[in-house]
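Working through the structure, step by step
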Amino acid sequence: MDEDIQAAQGINQSSDQGLAGGTAQPREVAKGKPGRRKSIRPIAPELARELVVTIRHFLPELAVWLGDVKDKRDPKLVTFPLKVLLLQGVLMFLTHSGSRNHFNNWTRDAVQMARLLGRLMDCEVESVAHLDTLEGVLRKIDPVMLERVLAASIRRLIRMKALEGWRVGSRFLLAIDGTGMHSFNEPHCEECLKTEHTNGTVTYSHKLLVAFLVSQDGFALPVACEFIENAGGIYIKQDCEKKAFHRLERRVRDLFPQTSFWLLLDALYADQNVMRPCFAHGWNFCISFLDTDMTALWKEAQSLLILSPGQRASMTLPNKEGSREVRWINDLDYAGMSLGVIFQIDRDAQGQIIAQFAHLTARPVHRDNVWTVASAARLRWRCENEGFNVLKNGGFALEHVYSRNPTASKCYCHIMLLAHLIQQLLIRGRLGAVFEAVFKSFRHYGQKLAQSLASCILPLDLSMPGQIRFSTA
Ligand SMILES: [Zn+2]
């Protein structure tokens, strides 16, 4: 076992202080000759313990929510409760196993993991199931049931005020974007999107649209997703991101009827049919505005800009890296809707333009809120960096085909998003103070979590923290 993990086990059994917020003290390791400066090495936390504490603190009803997923198996033939199998799926993603086979291999020796599963799911578990069992179950359950678990998790975080400070005005920032999941050179299933290329080749693909709750300090919590796919091989026009957006927007509204959102969207969504439902729901939006996409509207906006010379403000960027100028207009008429527009220009220290953006908004922009709007508009990139990049390259392997069965494949995707949410709660919460210093990469972290899950003996009286604060890194 890793030396750091052993050291942490000894320390953590006598202390249940949170690791975030500086309560965990770094360990000093003497190097080299006496008198040489000591290097500071942070304590490696007992990851299994921190995971259990995190889930118990933020999502204490997870066992109930997973238990509500309808199990279509014959009860007489059931060995592993469905909620336990689903949690194993979550752990497969949390440990960055990359495939069911890899997870099955390392859990052969995971003697303590069954107890941990039972602990989190409030039931007796004697052994760890082979993930073929999970695969068989996922082929028969309704993926929507798993999406409800993700939504319940987000609602719980909002209700417990864990996301206080995330609202801009009264709205949560919701970045929505699409990404590719799988691509094949031959037909894969009847739902595949078909793309004919100019060189005569054809690809068959699956894409995904995800809504992430984003924050200024680097969170991208998945809220819901929509699969972009054709309907059973019978269709006039193929499915696309914008069609999927409407399905997703309606579901987000149904899953979060009490919550108001501020949508952050790229230029693909600069469309009256996207804006109208946002107005109808009382949501705000920032949609990228390009002169090449909406030429007439852009010219109209430029005319209004000339008539509003006083509607501008500027600031110096931190570390004297240059400056940012914002300009804004309101009452831009677009298909009977009155829009605001914010223009941003970044210049380097020599005055050269290094970036410029324009966004359409549903609410008026004025001097008191212009910097808030400018900042919110830029957060759409969180769904690329902290969202899709982590899901694809941070150990979750979004592009891996976890199942060739279409229903199970969707279920894996929902489970992956739940794991992505839990990972952020863990690494920015209990691990926040030490995560970067202890783990060289997400891959390294995933390996350590797997080792810990396999061997950690949790104390019976696991005391819980009153509060877990998120790091602001
Ligand atoms: Zn397919």
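The structure reproduced in this document is the subject of the present report. What you are looking at is a predicted structure, and each value in this text was computed from that prediction instead of being measured. (Residues numbered from 1 in each chain as written. Predicted model: local features only at pLDDT ≥ 70, side-chain atom pairs only at ≥ 80, totals over all residues. Heavy atoms only, no water.)

Here we take up helix α16 (residues 442-455). Compared with an ideal rise of 1.5 Å per residue, which puts 14 residues at 20 Å, α16 spans 20 Å between its outermost C-alpha atoms and is within 8% of the ideal. Among all positions of α16, only His444, Tyr445, Gly446, Lys448, Leu449, Ala450, Ser452, Leu453 and Ala454 are buried. (Helix = DSSP H or I, 4+ residues; strand = E, 2+ residues; numbered from the N terminus. Expected span 1.5 Å × (residues − 1). Buried < 20%, exposed > 50% of the residue type's maximum accessible area, 1.4 Å probe, protein only.)

Let us now look at helix α12 (residues 370-378). All buried positions along α12 are accounted for by Val370, Val373, Ala374, Ala376 and Ala377. Across the axial projection of α12, the buried residues extend over an arc of 165 degrees, all falling on one side. In this structure, the buried residues of α12 make contact with β3 (172-184), β7 (261-265), β8 (284-288), β10 (323-334), β11 (337-347) and β12 (353-361). (Arc of directions from axis to C-beta. Contact = heavy atoms within 4.5 Å.)

Close approach of charged atoms allows side chains with opposite charge to pair. Summed over the entire model, instances satisfying the criterion amount to 23 salt bridges. Glutamate 196 is the salt-bridge partner of lysine 194, the closest N and O atoms lying 3.8 Å from each other. Looking at lysine 194, the relative accessible area reads 37%, which means it is partly exposed. In this structure, glutamate 226 engages arginine 247 in a salt bridge whose closest nitrogen and oxygen atoms are separated by 2.7 Å. Here glutamate 226 is found in strand β6 (residues 220-228), whereas its partner arginine 247 is found in helix α9 (residues 241-255), with 21 residues between them in sequence. (Salt bridge = Lys/Arg side-chain N within 4 Å of Asp/Glu carboxyl O.)

Our next topic: empty space enclosed by the protein. Tallied over the full model, the rule gives six cavities of 30 Å³ or more. For the largest cavity, the calculated volume is near 150 Å³. In terms of lining, the largest cavity is formed by 17 residues, of which the most central are His206, Glu229, Pro406, Ser409 and Lys410. Mapped by element, the contributors of at least two residues to the lining of the largest cavity are β3, β5 (202-214), β6 and α14 (406-428). (1 Å grid on protein atoms, 1.4 Å probe; cavity = no way out; pocket = protein on both sides within 12 Å on 5 of 7 lines; lining within 4 Å. Points joined across faces, edges and corners; volume = space filled by probe spheres on them.)

With that settled, consider the pairing of β10. With five bridges joining them, strand β9 (residues 312-316) and β10 adopt antiparallel strand pairing. The residue of β10 that forms the bridge with arginine 312 is arginine 327. What sits between the antiparallel neighbours β9 and β10 is a turn of six residues, in which asparagine 319 has the positive phi angle 60 degrees. As paired strands, β10 and β11 are joined by ten bridges and run antiparallel to one another. Its bridge partner lying in β11, aspartate 333 is registered against serine 338. What sits between β10 and β11 in their antiparallel hairpin is a turn of two residues, with alanine 335 showing a positive phi close to 50 degrees. (Pairing = 2+ DSSP bridges.)

Let's shift gears to the coordination of the zinc ion. For the zinc ion, the protein coordination sphere consists of His188 (ND1), Cys189 (SG), Cys192 (SG) and His206 (NE2), at 2.0 to 2.3 Å. Geometry at the zinc ion is tetrahedral, judged from its four donor atoms and the angles of 102 to 125 degrees they form at the metal. Positions of the donor residues of the zinc ion, expressed as sequence spacing, correspond to H-C-x2-C-x13-H. Pair noted here: cysteine 192 is in the loop between β3 and β4 (193-196) and histidine 206 is in strand β5, with a separation of 14 residues, a long-range link. For the pair formed by cysteine 192 and histidine 206, the shared burial category is buried. (Donors = N, O, S within 2.8 Å, 3.2 Å for Na, K, Ca; no water. Tetrahedral: all angles 85-135°; square planar, octahedral: opposite > 155°, others 65-115°.)

Looking now at the nonpolar core. Counting 161 residues, the largest nonpolar core has Leu62, Leu86, Leu213, Leu263 and Leu360 as the members making the most contacts within it. Looking at this core element by element, the count peaks at 14 residues for α14. The residues that make up this core include at least three from each of domain 1 (3-141 + 415-455) and domain 2 (170-388). Residues in contact with leucine 360, not counting those within four places in the same chain, are Ala270, Met275, Phe285, Cys286, Ile287, Phe289, Met294, Leu297, Leu332, Leu339, Gly340 and Val341. (Core = buried A, V, L, I, M, F, W, Y, C linked by side-chain atoms within 4.5 Å. Domains from an automatic or database assignment.)

For any two helices packed against each other, one specifies the inter-axial angle together with the distance between the axes. At a minimum axis distance of 7 Å, the contact between helix α2 (residues 47-58) and α16 shows a crossing angle of 90 degrees. Taken together, the axes of α2 and α16 lie roughly perpendicular to each other. On α16, the residues touching Leu47, Ala48 and Leu51 of α2 are Tyr445, Lys448, Leu449, Ser452 and Leu453. Looking at side-chain class alone, the contact of α2 with α16 contains six nonpolar, one polar and one charged residues. (Axes fitted to C-alpha atoms, helices over the stretch in contact; angles between N-to-C directions. Parallel < 35°, antiparallel > 145°, perpendicular 65-115°, else oblique. Nonpolar A, V, L, I, M, F, W, Y, C, P; charged D, E, K, R; others polar.)

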